[in-house]
Amino acid sequence: MSQIIYNSFDREVQPAYLTPEYKSTIFRAPQKPLVLIKQSLSELTGPVFGDFNVGPLDHDLTKNTVKNGEPIGERIVVHGKVMNENGQPIPNTLIEIWQANSAGRYVHKVDQHEAPLDPNFLGAGRCMTDANGNYKFYTIKPGAYPWGNHYNAWRPNHIHFSLFGANITNRLVTQMYFPGDPLLNYDPVFLSVPPKGRELLVCEFDLGATEPSFALGYRFDFVLRGHNQTPFETL
Amino acid sequence: MRQTPSQTVGPYFAYGLTPEQYIYDFKSLANNLMVNPLDHEEAITIMGKVFDGQGVVIPDALIEIWQNDGQNQLFGRFGTGTDAENRFIFHTIKPVSVNGQAPYVSVIIFMRGQQLHSYTRLYFSDETELNSKDEVLNVVPEDRRHTLIAKKKGNIYELNIYMQGDNETVFFDI
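Chain B appears in an unreviewed UniProt entry as Protocatechuate 3,4-dioxygenase subunit alpha from Emticicia agri.

As annotated in an unreviewed UniProt entry, chain A carries the name Protocatechuate 3,4-dioxygenase subunit beta and comes from Emticicia agri. Per UniProt, the comment on chain A under Sequence similarities (unreviewed entry) is "Belongs to the intradiol ring-cleavage dioxygenase family."

Chemist: Just checking my understanding: could you explain the overall build of chain B for this structure?
Modeler: Check the secondary structure of chain B and you find three helices and eleven strands. Order of helices (α) and strands (β) in chain B, N terminus to C terminus: α-β-β-β-β-β-β-β-α-α-β-β-β-β. Its C-alpha atoms give chain B a radius of gyration of 16 Å, near enough to 16 Å, the size a compact globule of 174 residues would have. In terms of overall dimensions, chain B has a C-alpha envelope of 45 × 40 × 40 Å along the principal axes. When the 174 residues of chain B are sorted by exposure, 51% land in the buried category. The long-range share in chain B, meaning contacts at least 24 apart out of those at least 6 apart in sequence, stands at 64%.

Chemist: What am I meant to see in the interface of chain A and chain B here?
Modeler: Many descriptions give the size of an interface as the accessible area lost when the pieces come together. Contacts between the two partners involve 62 residues from chain A, matched on the other side by 56 residues from chain B. Ranked by residue count, the leading element in the side of chain A that touches chain B is strand E9 (residues 172-177) of chain A, at four residues. Residues that form the side of chain A that touches chain B fall into these classes: 30 nonpolar, 23 polar and nine charged. Two elements, strand E1 (residues 35-36) of chain A and strand E11 (residues 172-173) of chain B, share two bridges in a ladder whose sense is parallel. Bridged to A:Leu36 within E11(B) is B:Asp173.

Chemist: Mind showing me how you'd approach the sheet that holds strand E4 (residues 124-128) of chain A here?
Modeler: By way of backbone hydrogen bonds, the strands of a sheet pair with one another, either parallel or antiparallel. All names here are of chain A. Read from one edge to the other, the open sheet built from four strands follows the order E4-E3-E8-E9, with strand pairing classed as antiparallel. The open sheet has two edge strands with one neighbour each: E4 and E9. Strand-to-strand twist across the sheet, computed as the mean angle between neighbouring axes with direction ignored, equals 25°. Sheet analysis places strand E3 (residues 94-99) next to strand E8 (residues 158-163), joined by five bridges and oriented antiparallel. By the bridge assignment for E8, Gln99 is matched with Ile159.

Chemist: Looking at this structure, how should I read unusual backbone geometry?
Modeler: With the exception of glycine, the majority of residues adopt a negative phi angle, and the majority of peptide bonds are in the trans configuration. Although it is not a glycine, A:Asn92 adopts a positive phi angle of roughly 50°. Within the fold, A:Asn92 resides in the loop between strand E2 (75-84) and E3. Although it is not a glycine, B:Asn99 adopts a positive phi angle of roughly 50°. Assessed through the 8 C-beta atoms surrounding it within 10 Å, B:Asn99 is described here as exposed.

Chemist: Sorry if this is basic, but what is going on with the UniProt feature "domain: Intradiol ring-cleavage dioxygenases" (unreviewed entry) in chain A here?
Modeler: Mapped onto this structure's residue numbering, the UniProt feature "domain: Intradiol ring-cleavage dioxygenases" (unreviewed entry) falls at residues 78-106 of chain A. Annotated as 0% helix and 45% strand, the span residues 78-106 of chain A places its first and last C-alpha atoms 19 Å apart.

Chemist: Would you mind going over the environment of A:Asp130 with me for this structure?
Modeler: All names here are of chain A. For Asp130, the position within the fold is in the loop between E4 and strand E5 (134-140). Given 15 C-beta atoms within 10 Å, Asp130 falls into the partly exposed group. Separated by 49 residues in the primary sequence, Asp130 and Lys81 have C-alpha atoms spaced 9.2 Å apart.

Chemist: Please explain the pairing of E4(A) as it appears in this structure.
Modeler: Side chains on a regular strand alternate between the two faces of the sheet. All names here are of chain A. For E4, the buried fraction is high: four of the five residues fall into the buried class. Relative to E4, E3 is paired through five bridges, and the arrangement is antiparallel. Among the inter-strand pairings, Ile97 is bridged to a residue of E4, identified as Gly125.

What counts and how
- Residues numbered from 1 in each chain as written.
- Chains lettered and ligands numbered in written order.
- Predicted model: local features only at pLDDT ≥ 70, side-chain atom pairs only at ≥ 80, totals over all residues.
- UniProt positions renumbered as here; feature names shortened; annotations may be inferred.
- Helix = DSSP H or I, 4+ residues; strand = E, 2+ residues; numbered from the N terminus.
- Rg over C-alpha atoms; globule rule 2.2 N^0.38 Å.
- Buried ≥ 20, exposed ≤ 12 C-beta atoms within 10 Å, placed from the backbone.
- Contact = placed C-beta atoms within 7 Å.
- Nonpolar A, V, L, I, M, F, W, Y, C, P; charged D, E, K, R; others polar.
- Pairing = 2+ DSSP bridges.
- Axes fitted to C-alpha atoms, helices over the stretch in contact; angles between N-to-C directions.

What follows is the structure, encoded as structure tokens:
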């Protein structure tokens, strides 16, 4: 039985730990080189979630926390496929999202931005990929918001995503951006990704997924770390 | 196909990833009660703080731990923003040795200011013999091994994580 070895992070597209333009990295980025180790049982496995973990409205942020009406903003559908670098779909894996509301305000208690909260929008959701690795969320397009990194700093519109994949080497937390956003050129978080990787973080407008008279469609695929052979060979 | 690049978890993950811990009205899928200590007399507590390069305790880190020793598969998730001392705290059981390796817990660290998460491991101070022979610990320079070994105090194992500095935690490329 040969050992499956999962690929490392692809440094040509992954951000460096230290990117001084994003000031919070300065005292939080590890400074010593990472120590390369052989993957063992714990790294080659990871937590397993199932449909039983996900409530019927968890994937629909326009409905999952309404109190007295509908959330304000532009309804969107965000969908796509989760794959690994080998192009294999990753079925039944958990995706979690969180985001600002349409005014650019997070529900989070430390968000001090003076924009209104929306009583009908928490901005958190989750779903499982289906048997073919596909996922779909309904939500409200998040607004841009200011932050304190530098003078007149604004974060582009984005949705935070968290994925588990096949095992803990696959773990991914990232942010999805929208096409044509002028703030992308000024955002040190986005620009910390090497040029080759940047377009991988911008979703595509998808007229095919747009639901008539209801919601605009966007497509965003995920590619998690792959491995040196198909896992089936060792089963 | 190219990997999707990572981006920071940011400062506002709590209502999405750890909602119940931070008292938001949304169900949590994972928390720090990996076993209920009332049901497991062998239960242990793992805890510690995360420090930045200026020696300041980080109050907005998200810590995930995963352990699989072939017998138990346990996952925990906890943010450092709710404990009065900004500790991460997990209630779990100690993993057993697999194939002669020292028992360990995998640790994944996310925070504002980290564009890519960090991986480390937590080993146990009362496993001196297995630790001394462990293949992974022996790859780590001897003067840095202590950054991975949680100190036992009763049923509590304590390990601080240092992002930078002389005691910088060993982070792994896995």
